[in-house]
Amino acid sequence: MSKNFLPSQYESDNTFDVQHNYLTQQFSDKDLILEKIREVVANGDFTLGREVDKLEEAFANLVGAKYAIGVGSGTDAIFLSLRALDLKPGDEVITTSFTFYATIGAIVTAGGTPVFCDIEDDFNISVSKIRNLITKKTKAIVPVHWSGRPCEMDEMLMISKEFDIPIIEDACHSILAEYHGQRTGTFGLTGCFSFHPLKNLNVWGDGGIITTNSDEMNLKIRLLRNHGLIDRDHCQVFGYNSRLDTIQAVVANHLLSKIDHITSSRIANAQYLDEGLKEIRGVRVPTRSANIKEVFHIYSFMAENRDSLANFLRENGIDAKVHYPIPMHLQPAAGYLNYKNGDFPETEKAANGTLSLPVHEFVEIKDLDFMISKIKEFYSDNRL
Amino acid sequence: MTTDFRVPFVNLAAAFQNDALAISKCIEEIGNSGQYILGANVSRFEKEFAGYIGTKYAIGVANGSDALFLIMKALGIGPGDEVITQPNSFIASAWTIVATGATPVFCEVDQTLGMDPDHLSQLITSKTKAVMPVHLTGNPVRIDKIQAVLSGTDINIIEDAAQAVGAKFNGQRVGSFGIAAMFSLHPLKNLGVLGDGGVITTDNEDLYTKVMKLRNHGLIDRDHCEIWGYNSRLDEIQAAVASIRLNNLEANTAKVRSIAAQYSSELNGLVAIPQSYKESEPVFHNFIVHCEDRDDLQAHLHSHGIETKIHYPVPIHLQDCAKPLGYGVGSFPICEKQSKYSLSLPIYPEMTQIQISQVIESIKSYYLDRML
């Protein structure tokens, strides 16, 4: 059998003292979830059931959008949003190369050609460079709020308006993140969220949700996610099958009451790491901004001699990871787009230098101190 | 899903009741494990399912529709290609073709509701890349004749076995005849789970390897994406439930076959009962009868507390979404006639003998009233 290669966070390795994977701790109160799932089973309410309706309403309220639409995954959330724009072959979608594969997979599945834009030193798309990439074929901009840090939305919205190009936000990392007091997922035509097991708001399998204020997108995406059916017997458009399972909605509903705590724990842990790491020679922590609220799905920083540091930390029981070492424009799958090494210097620098530390709600102060001390030790040890 | 019918069309609550404890236990274990995606439960179910169908490989995916789509993508089917399927199927049989960029071409059906091999032979063009016969209601298509029509060509057969888990043709399980097959694990299916799920079966190693990549973002290892892919994975929970349900499948199939046998012997002559080839062992996902006064019979049954459905009142080629394909009323006379006359009776393992008799007696009383 082939090995199933999963996103790196999911490759849990129980030998680490400080791990990225915290799922066994997270669901210690799962009896409440199990009780609700038993009810769903007893009712046979499995497909687009009441728990999905409940989640959609609560999630729309949480984010501050008019609608939320549960779908099969975060990938499908981006795909269905773009598909609803009716891209034609050759249409271009501007996005970042410093992202997870799914952002690009969704663009390509929707029929678009990804056009990559370099990033800033906060790992997010360089909004000032977007303008130069716009052509007659540009049909959408897909910013990624990488690691849970909102992109510069003011300028992006101006560009969107000026050229009449919609923004589809990849908010898979950024539940509850805010830019100037407004939550991500409400800036673009749609916002795309993931409930993958290691996201800040997670379920027991694959799941995603789309937020939008647009009546038209809401209706269109609801059709597309369920075979294009307007009722049981009539198919208005050829659609897809991408539905959030009712039992997964049960898990998400359960966690909605905890998302504030999850988020504030991650922020507190990140601030602690920032303080501890910022003076270390060899480390660069991204500049934080008072106007944005980052939710730290990933805590990453730039590290000199990154690979050696990563090995050193892992030898010391710290589950340090790289998200991700090879940017999208240099992936084998992108060969046909004819990008090359050197095309996006900031992206490539980030890919070569970024390192991520566990930052989730179950990381304790002693773990944070331990990680900081080991990083200090590494750089004081003349390894540079 | 409460209903006022004394014989509801489906009873999912009852379907899962027998296994409720086992299901509850496995969900709890998976909840505890923290391993929710592509873990041991998916691998185990894939192995069990491949063994059951008799193929080398089985691959768990997000749903049956995605299974068809991923098979076609793995075969390189895309714009400019034609894929032949049936117009009397569920809409996903067609949209999955459209989603690859290829064009669906519809083939007339025969009295078993399956693809008509004679009509198929007239539809083959240089653009035909695959033929997707549908084992509708769990009733196998005339697969040997379809194979004969395609012999000497490099056109692949993709079996749409969404409704046909366990059905056999010439003693061989469907899902093992074509280059690959799709099964649905949707809750309403004979092997239903607690949400969306699907399985692909194949003996073809190349197709297997491709689909394994495509279902998981095109990744060949942690850091390398070989081809832009999709996210279409069977959840661990659903795989575990599928394993539990697979244990009961043969017993459940025997029960629905016995209901079908009772319906057939009691109703033959009043309505047209389902037809199968003598080589076929159908599994009766649905039990579809045909009668000219379908709407009246349905109204009568509903007024007697018996819920029925129509699969499907509007054939795919006459749907709004299919307008660009250029078909119209009269394109497929047999299919269109069946869609006007067909009625699906309740059939599921949890039906009681009383309920089965109620269905039979209500149909008999309808025809008796009309004679008097």
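Quick notes on the rules
Residues numbered from 1 in each chain as written. Chains lettered and ligands numbered in written order. Predicted model: local features only at pLDDT ≥ 70, side-chain atom pairs only at ≥ 80, totals over all residues. Helix = DSSP H or I, 4+ residues; strand = E, 2+ residues; numbered from the N terminus. Rg over C-alpha atoms; globule rule 2.2 N^0.38 Å. Buried ≥ 20, exposed ≤ 12 C-beta atoms within 10 Å, placed from the backbone. Contact = placed C-beta atoms within 7 Å. Core = buried A, V, L, I, M, F, W, Y, C linked by C-beta atoms within 7 Å. Pairing = 2+ DSSP bridges. Axes fitted to C-alpha atoms, helices over the stretch in contact; angles between N-to-C directions. Right-handed = clockwise from strand over helix to strand, strands pointing away. Expected span 1.5 Å × (residues − 1). Arc of directions from axis to C-beta. Nonpolar A, V, L, I, M, F, W, Y, C, P; charged D, E, K, R; others polar. Domains from an automatic or database assignment. Parallel < 35°, antiparallel > 145°, perpendicular 65-115°, else oblique. Left-handed = near helix turned anticlockwise from the far one by under 90°.

(A) Up close: the overall build of chain A. Scanning chain A from N- to C-terminus turns up 13 helices and 15 strands. For a compact globule of 384 residues, the expected C-alpha radius of gyration is about 21 Å, and chain A comes in at 21 Å, within 12% of that figure. Structurally, chain A occupies a C-alpha span of about 70 × 55 × 50 Å along its principal axes. Split into buried and exposed, the 384 residues of chain A put 55% on the buried side. Look at the contacts in chain A between residues 6 or more apart in sequence, and 70% of them connect residues 24 or more apart.

(B) How the structure looks around the overall build of chain B. The helix and strand inventory of chain B stands at 12 helices and 14 strands. Against the compact-globule benchmark of 21 Å for 372 residues, chain B has a radius of gyration of 21 Å, which places it among compact chains. Dimensions of chain B, computed from the C-alpha atoms along their principal axes, are close to 75 × 55 × 40 Å. Taken across its 372 residues, chain B has 57% of its residues classed as buried. The contacts of chain B with a sequence gap of at least 6 include a subset with a gap of at least 24, amounting to 70%.

(C) Representation of the nonpolar core within the structure. Of all hydrophobic cores here, the largest spans 230 residues; its most connected members are Leu82(A), Ile209(A), Ile71(B), Ile200(B) and Val211(B). Broken down by element, this core gets its largest block of residues, 10 residues, from helix α9 (residues 236-267) of chain B. In contact with Ile209(A), not counting residues within four places along its chain, are Phe59(A), Ala68(A), Ile69(A), Gly70(A), Val71(A), Ala77(A), Phe193(A), Phe195(A) and Leu244(A).

(D) Representation of the sheet that holds strand β9 (residues 208-212) of chain A within the structure. All names here are of chain A. What the 4 strands build is an open sheet, ordered β1-β9-β8-β5; its pairing is mixed. Of all strands in the sheet, those with a lone pairing partner are β1 (67-71) and β5 (168-170), marking the two edges. Neighbour-to-neighbour, the strand axes of this sheet turn through a mean angle of 20°, independent of strand direction. Here strand β8 (residues 190-194) runs beside β9; their pairing, made up of 5 bridges, is antiparallel. Considered in β9, the bridge of phenylalanine 193 is made with isoleucine 209. Packed on one face of the sheet, helix α4 (residues 74-83) meets β1, β5, β8 and β9 and runs near 160° to β8.

(E) Representation of unusual backbone geometry. Note that the residue after His323(A), namely Tyr324(A), is joined by a cis bond; omega there is -10°. Here the residue pair His311(B) and Tyr312(B) is connected by a cis peptide bond, since its omega of -5° sits within 30 degrees of zero. Of note in this structure, Leu48(A) is not a glycine but carries a positive phi near 50°. By secondary structure assignment, the location of Leu48(A) is in the loop between α2 (31-43) and α3 (50-63). In this model, Leu113(B) sits at a positive phi of 75°, which is unusual for a non-glycine residue. Locating Leu113(B) in the fold gives a position in the loop between β3 (103-106) and α6 (117-123).

(F) Representation of the pairing of β3(B). All names here are of chain B. In this sheet, β3 lies alongside strand β2 (residues 82-85) in parallel orientation, the contact comprising 4 bridges. By the bridge assignment, threonine 85 is partnered in β3 with phenylalanine 106. Handedness of the crossover joining β2 and β3 through helix α5 (residues 92-100) is recorded here as right-handed.

(G) Summary view of helix α3 (residues 40-53) of chain B. All names here are of chain B. For α3, with 14 residues, the first-to-last C-alpha span of 20 Å sits near the 20 Å given by 1.5 Å per residue. Regarding α3, the residues found buried are Asn41, Val42, Phe45, Glu46, Phe49, Ala50 and Ile53. Buried residues of α3, viewed axially, fall in a sector of 160°; they line one side. Against the buried residues of α3 lie α2 (20-33), β1 (57-61), β7 (172-173), β9 (198-202) and α9. Positive phi shows up at glycine 54, right after α3, with a value of about 95°.

(H) Spatial organisation of the interface of chain B and chain A. The partner chain A presents 60 residues to the 59 residues of chain B that form the contact. Those elements that place two or more of their residues in the side of chain B that touches chain A are α1 (12-17), α2, α4 (64-74), α5, α8 (205-214), β10 (219-221), β11 (224-225) and α9 of chain B. Considering each element in turn, the side of chain B that touches chain A owes the most residues, 8 residues, to α2(B). Residues of the side of chain B that touches chain A, tallied by class, amount to 32 nonpolar, 16 polar and 11 charged.

(I) Quick look at the domain arrangement of chain A. Residue and element names in this part refer to chain A. One can read the domain layout of chain A as domain 1 (31-256) and domain 2 (258-380). Centre-to-centre, using C-alpha coordinates, domain 1 lies 25 Å away from domain 2. The interface is formed by 29 residues belonging to domain 1 together with 27 residues belonging to domain 2. When residues of the side of domain 1 that touches domain 2 are traced back to their parent elements, those giving at least two are β3 (113-117), β6 (178-179) and α9 (246-256). Tallied by class, the residues present in the side of domain 1 that touches domain 2 amount to 14 nonpolar, 8 polar and 7 charged.

(J) Seen up close, the sheet that holds strand β6 (residues 168-169) of chain B. Spatially, β7-β6-β12 (chain B) is the arrangement adopted by the 3 strands of the open sheet, whose pairing is antiparallel. Across the chains shown, the open sheet's two edge strands, defined by having one partner strand only, are β7 and β12 (280-281) of chain B.

(K) Looking closely at helix α8 (residues 215-225) of chain A. All names here are of chain A. Extensive coverage of α8 is indicated by the burial of 8 of its 11 residues. Of the surrounding secondary structure, the elements contacted by the buried residues of α8 are β1, α4, β8, β9 and β10 (229-231). One or two positions beyond α8, positive phi appears at histidine 227, with a value near 65°.

(L) A look at the domain arrangement of chain B. Residues and elements named next belong to chain B. Under the domain assignment, chain B is made up of domain 1 (12-243) and domain 2 (249-371). Distance from the C-alpha centre of domain 1 to the C-alpha centre of domain 2: 25 Å. Opposite the 30 residues of domain 1 that make contact, domain 2 presents 29 residues. Here the side of domain 1 that touches domain 2 is composed, by residue class, of 15 nonpolar, 11 polar and 4 charged.

(M) The packing of α3(A) against α9(A), seen in detail. Residue and element names in this part refer to chain A. Axis separation between α3 and α9 bottoms out at 8 Å; the angle between their running directions is 40°. When the axes of α3 and α9 are compared, the pair comes out oblique. The interaxial crossing formed by α3 with α9 has left-handed handedness. Together, Glu51, Val52, Lys54, Leu55, Ala58 and Leu62 of α3 and Thr246, Ala249, Val250, Ala252, Asn253 and Leu256 of α9 make up the contact between the two elements. Split by residue class, the contact of α3 with α9 holds 8 nonpolar, 2 polar and 2 charged.

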